[in-house]
Amino acid sequence: MITTHLSPTLKHRFLSPLHSTSQSHHHHLLVHLPLPLPRRHRHRHLARPAAAVAAAAAPDLLASVESVASAASVLAAIVLVHESGHFLAAASRGIHVSQFSIGFGPALARFRLGPVEYALRAIPLGGYVGFPDDDPESGFAPDDPDLLRNRPVPDRLLVVSAGVAANLAFAFLIVYAQALTVGVPVQAQLPGVLIPEVLPGSAAARAGLLPGDIILAVPGAAPDPSVPVLVDLIKASPSKKVPLTVSRAGPGAVDRRSVELTVVPDTSADGMGRIGVQLSPNVMVTRVRPKNLADATVLAVREFTLLTGTVFDGLRQTLLNFSQSAEKVSGPVAIIAVGAEVARSSADGLFQFAAVINLNLAAINLLPLPALDGGTLALILLEAARGGRKIPREVEQGIMSSGILVVLMVGMFLIVRDTLNLDFIKEKL
């Protein structure tokens, strides 16, 4: 299953959590895909003459198909890299492998190369590497030393963690390629807090706030307020007047004027104030191109470190505030939709999109939960802590089977929900 959370910082950067397990009757390493994604906005368009619509329809359709294909290709490549990490680690240690699959469910295409069956399957929730540990028809003796379950703890830790390592390495290579070709984005923090969106009929709309406004000052807050400071102030001020000093775009491209407004936050169900806006840091993104390979390496390392910290912090915030952030967790349909939007707006943004999805996959897989690589690693480490005494097979299989079932159910729910939330589907409902 595929999931992610993209912070406002990341959205600015490319719009200018997969998991693995060791279970099934063949003993699989699975990769799933759930992640928190930015909401996609519906845009209102002016009516155009029928001839103009017809003339634009074919190019628009072709561009949409190409952008969706680009995003889907990125996602498929990320799953392939993750599973290849498991596969190559097993092969390097001489461990028997029986299956390599992209997707779950019925096979759309398959072929056999040596002892391994390779397959493309119908349900796009990730993929898996299968091991013949529990297959009575595999031809291997139960005590075969090259079955995964019979290998020492270090070998099993290597195989299970190799998917995460592969995604981290792939993310760095993507960032490095970006540095060499189009340069890396560098953010300059500007004064104030940006309002990207204002909900119609909200307290903010009634007060006269507009998308694109920048909040420069709020009494009781610092002269240059931050997003957390503003959020806390609004939550603490239900039905109270909150004066704002706002910078607003003027008629010219660079003209801005100062506007004094007063917003009265509505009272939400939990008794806190809310005004119905999105808030994000006010940043300006520019691209820096390296002068040589050494410069490109420095830029890539800096960008990779920044993205990794942002993704892991975003996942931490999602887990700590899951009741508020659960609706932002999205599956492969929404990920491809956002990727297609990125591809349409800027091909350069696909670099950041691919790197962020890789990092989300790595972060989610490290969670010590059943059906995730982290859950399998936890069981192996528990075995090591028990002095090498293996956990009863039926206990391990029960834990992993239940985890896989939950993951598949959540994944199918996300696919249905995200499909129904697509703009063209909403228009037909």
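Residues numbered from 1 in each chain as written. Predicted model: local features only at pLDDT ≥ 70, side-chain atom pairs only at ≥ 80, totals over all residues. Heavy atoms only, no water.

The next thing to look at is the pairing of strand β7 (residues 242–249). For β7, the buried fraction is high: 6 of the 8 residues fall into the buried class. In the sheet, strand β6 (residues 214–217) pairs with β7 via 3 bridges, with the strands oriented antiparallel. Looking at β7, one finds that A217 is bridged to T245. In this structure, β7 lies alongside strand β8 (residues 256–263), joined through 8 bridges in antiparallel fashion. (Buried < 20%, exposed > 50% of the residue type's maximum accessible area, 1.4 Å probe, protein only. Helix = DSSP H or I, 4+ residues; strand = E, 2+ residues; numbered from the N terminus. Pairing = 2+ DSSP bridges.)

The next point concerns helix α9 (residues 349–365). Helix length check: α9 (17 residues) gives 24 Å between terminal C-alpha atoms against 24 Å at 1.5 Å per residue, within 8%. Counting buried positions along α9 gives 16 out of 17 residues, so the element sits mostly inside the fold. (Expected span 1.5 Å × (residues − 1).)

Looking at where S98 falls in the secondary structure, it is placed in the loop between α2 (50–92) and β3 (99–113). Every residue in contact with S98, bar those within four places of it in the chain, is listed here: P115, V116, E117, G130, F131 and P132. (Contact = heavy atoms within 4.5 Å.)

Here we come to helix α6 (residues 293–320). When the terminal C-alpha atoms of α6 are compared, their 40 Å separation across 28 residues agrees well with the 40 Å that a helix rising 1.5 Å per residue should span. Restricting attention to buried positions, one finds in α6 the residues A296, L299, A300, E303, F304, L307, T308, T310, V311, G314, L315 and T318. N-capping of α6 is provided by N292, with a side-chain oxygen placed 3.2 Å from the backbone N of A294. (Polar contact = N/O pair within 3.5 Å; in protein donor to acceptor, adjacent residues only side chain to side chain.)

The subject of this paragraph is the sheet that holds strand β11 (residues 280–288). Overall, antiparallel pairing links the 5 strands, which are arranged β8-β7-β6-β5-β11 in an open sheet. Every interior strand has two partners, whereas the edge strands, β8 and β11, have only one. Strand after strand, the sheet turns through a mean of 40 degrees between neighbouring axes, direction not considered. (Axes fitted to C-alpha atoms, helices over the stretch in contact; angles between N-to-C directions.)

Before going further, it helps to examine the nonpolar core. Formed by 32 residues in total, the largest nonpolar core has its most connected members in V74, L307, F353, I357 and L359. Sorting the residues of this core by element identifies α2, α3 (153–181), α6, α8 (332–345) and α9 as the ones contributing at least two each. In this view, L359 contacts L168, A171, F304, L307, T308, V311 and F312; residues no more than four positions away in its chain are not counted. Core analysis: the second largest hydrophobic core is formed by 19 residues, V198, I215, V242 and L261 among them. (Core = buried A, V, L, I, M, F, W, Y, C linked by side-chain atoms within 4.5 Å.)

It is worth spelling out the pattern of salt bridges at this point. In the structure shown here, the tally under the stated rule is 10 salt bridges. Where E383 meets R156, a salt bridge forms, and the shortest distance between an N and an O atom there is 2.6 Å. Separated by 227 residues along the polypeptide, E383 in helix α10 (residues 373–385) and R156 in helix α3 bring together distant segments of the chain. Relative accessible area serves as the criterion here: at 7%, E383 is assigned to the buried category. Relative accessible area serves as the criterion here: at 9%, R156 is assigned to the buried category. A salt bridge links R316 to D313; the shortest N-O distance between them is 2.6 Å. Placement of the pair is R316 and D313 together in helix α6, with a separation of 3 residues, close to one helical turn. Residue R316 is classed as partly exposed on the basis of its relative accessible area, which comes to 41%. Connected through salt bridges with shared partners, the residues R93, D146, R151 and D155 form a single ionic network. (Salt bridge = Lys/Arg side-chain N within 4 Å of Asp/Glu carboxyl O.)

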